[in-house]
Amino acid sequence: MKKGETVFDYLSQVMIIFGSTLLILSVFCILFGEEAKDYSAMFALGSKGLSVDIMYQFFLVSVIIAALRFLFFTDRWIKNLSLTLRTLSMFALVLATVITFILLFDWFPTDDAKAWVGFVVCFLFSIAVSTGISILKEKTENTKMEKALERIKSEKTKEI
């Protein structure tokens, strides 16, 4: 868990999430936009791109996800919860947030089981990728810290 994150760390997370999401949605627009044009509000412009309304909605989702990350993965408010419970709680609230946006903004027809299956597959894929990146980042940081500790220990040994 990190301590001492600043508003700039939060804003950079918002922009990373938002940028990644828009990149993925842009690819979906190119690949499926024309076919999904009449099916989903998200693809109302077809392969021409995303509407400003959809971009604002995804920006708000990005703000919420970054806030949840800040809440669950800094020790500022939640102090005695295991990493597993923090992760599961965050994913559950992200899922609830996205489902709320799906329902509020008609991102796809909510009575279509195929759309929900596609959503769940995409959500699980996103969780897998973000978890993999987080684990890789954590391992990299731990390796750097171990090397720094070894260097400090060897310097101390040389002094004695």
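The notes below deal with the structure included here.

**Overview of the overall build of the chain**
Along its length, the chain carries 4 helices and 0 strands. Each helix and strand of the chain, placed in order from N terminus to C terminus, yields the pattern α-α-α-α. The globule rule puts the C-alpha radius of gyration for 160 residues at 15 Å, and the 20 Å found for the chain is more than 25% above it. Projected onto its principal axes, the C-alpha positions of the chain cover 75 × 30 × 30 Å. A burial count over the chain gives 29% of its 160 residues as buried.

**Side note on the pattern of salt bridges**
Evaluated as defined, the whole model comprises 2 salt bridges. Ionic pairing is found between Glu-34 and Lys-37, a salt bridge with its closest N-O pair at 3.6 Å. Classification of Glu-34 as partly exposed rests on a relative accessible area of 43%. Among the residues examined, Lys-37 registers a relative accessible area of 35% and is labelled partly exposed.

**A few points about a nonpolar patch on the surface**
A grouping of Leu-23, Val-27, Ile-30, Leu-31 and Phe-32 is seen on the molecular surface, where their side chains present a nonpolar patch of about 520 Å² in accessible area. In this structure, Phe-32 sits in helix 1 (residues 7-36).

**Re unusual backbone geometry**
Unlike most non-glycine residues, Asp-106 shows phi in positive territory, near 50°. Along the polypeptide, Asp-106 turns up in the loop between helix 3 (83-105) and helix 4 (113-159). A relative accessible area of 51% means that Asp-106 is categorised as exposed.

**Here's the deal with the packing of aromatic side chains**
Enumeration over the complete set of coordinates arrives at 9 aromatic pairs. The interplanar angle of 65° and the centroid separation of 5.9 Å between the aromatic rings of Phe-28 and Phe-32 together place this pair among those described as edge-to-face. Residue Phe-28 and its partner Phe-32 are both found in helix 1; the two are separated by 4 residues, about one turn of the helix. For Phe-28, a relative accessible area of 27% gives the class partly exposed. Judged by relative accessible area, which is 42%, Phe-32 ranks as partly exposed. Considering the side-chain rings of Phe-101 and Trp-107, the 5.9 Å spacing of their centres and the 45° angle between planes classify their relative orientation as tilted. This pair shows no difference in class: Phe-101 is buried, exactly as Trp-107 is.

**Section: the packing of helix 2 (residues 52-73) against helix 3**
As a packed pair, helix 2 and helix 3 sit with axes 10 Å apart at the nearest point and diverge in direction by 160°. Considered as vectors, helix 2 and helix 3 are oriented roughly antiparallel to each other. The handedness of the crossing between helix 2 and helix 3 comes out as right-handed. Judged by residue contacts, Gln-57, Leu-60, Val-61, Ile-64, Ile-65, Leu-68, Arg-69, Phe-72 and Phe-73 of helix 2 engage Leu-83, Arg-86, Thr-87, Ser-89, Met-90, Leu-93, Val-94, Thr-97, Val-98, Phe-101 and Phe-105 from helix 3.

Definitions and limits used
Numbers given for residues are sequential positions, taken from 1 along each chain in its written order. Owing to the predicted nature of the model, reporting of local features is limited to residues with pLDDT of at least 70; listing and counting of side-chain atom pairs is limited to 80 or more, with chain, interface and lining totals taken over all residues. Hydrogen atoms and water are omitted, and side-chain values are computed over all heavy atoms in the structure. Under the DSSP-based scheme used, a helix requires at least four consecutive residues in state H or I and a strand at least two consecutive residues in state E, with every element numbered from the N terminus. Both definitions apply: the radius of gyration is a C-alpha atom measure, and the globule rule equals 2.2 Å times residues to the power 0.38. Only protein chains enter the area calculation, which uses a 1.4 Å probe; residues under 20% of their type maximum are buried, those over 50% are exposed, and those in between are partly exposed. Here, a salt bridge means any Lys or Arg side-chain nitrogen found within 4 Å of an Asp or Glu carboxyl oxygen. Each patch is built from salt-bridge-free residues with over 30% relative accessible area, joining like charges within 9 Å and nonpolar side chains (Val, Leu, Ile, Met, Phe, Trp, Tyr) within 5 Å. The protein chains shown are the only cover counted for residues, whose accessible areas, like all others here, come from Shrake-Rupley with a 1.4 Å probe. For Phe, Tyr and Trp, where Trp contributes only its six-membered ring, two rings pair if their centres lie within 6.5 Å, and the inter-plane angle classes them as stacked under 30 degrees, edge-to-face over 60, or tilted in between. To get an axis, a line is fitted to the C-alpha atoms, and for a helix only the part in contact is used. The angle between two axes follows their N-to-C directions and goes from 0 to 180 degrees. An angle below 35 degrees is treated as roughly parallel, one above 145 as roughly antiparallel, one from 65 to 115 as roughly perpendicular, and anything else as oblique. Less than a right angle of anticlockwise turn of the near helix away from the far helix marks a crossing as left-handed, whereas a clockwise turn marks it as right-handed. Whether two residues touch is decided by their heavy atoms; if any such pair falls within 4.5 Å, the residues are in contact.

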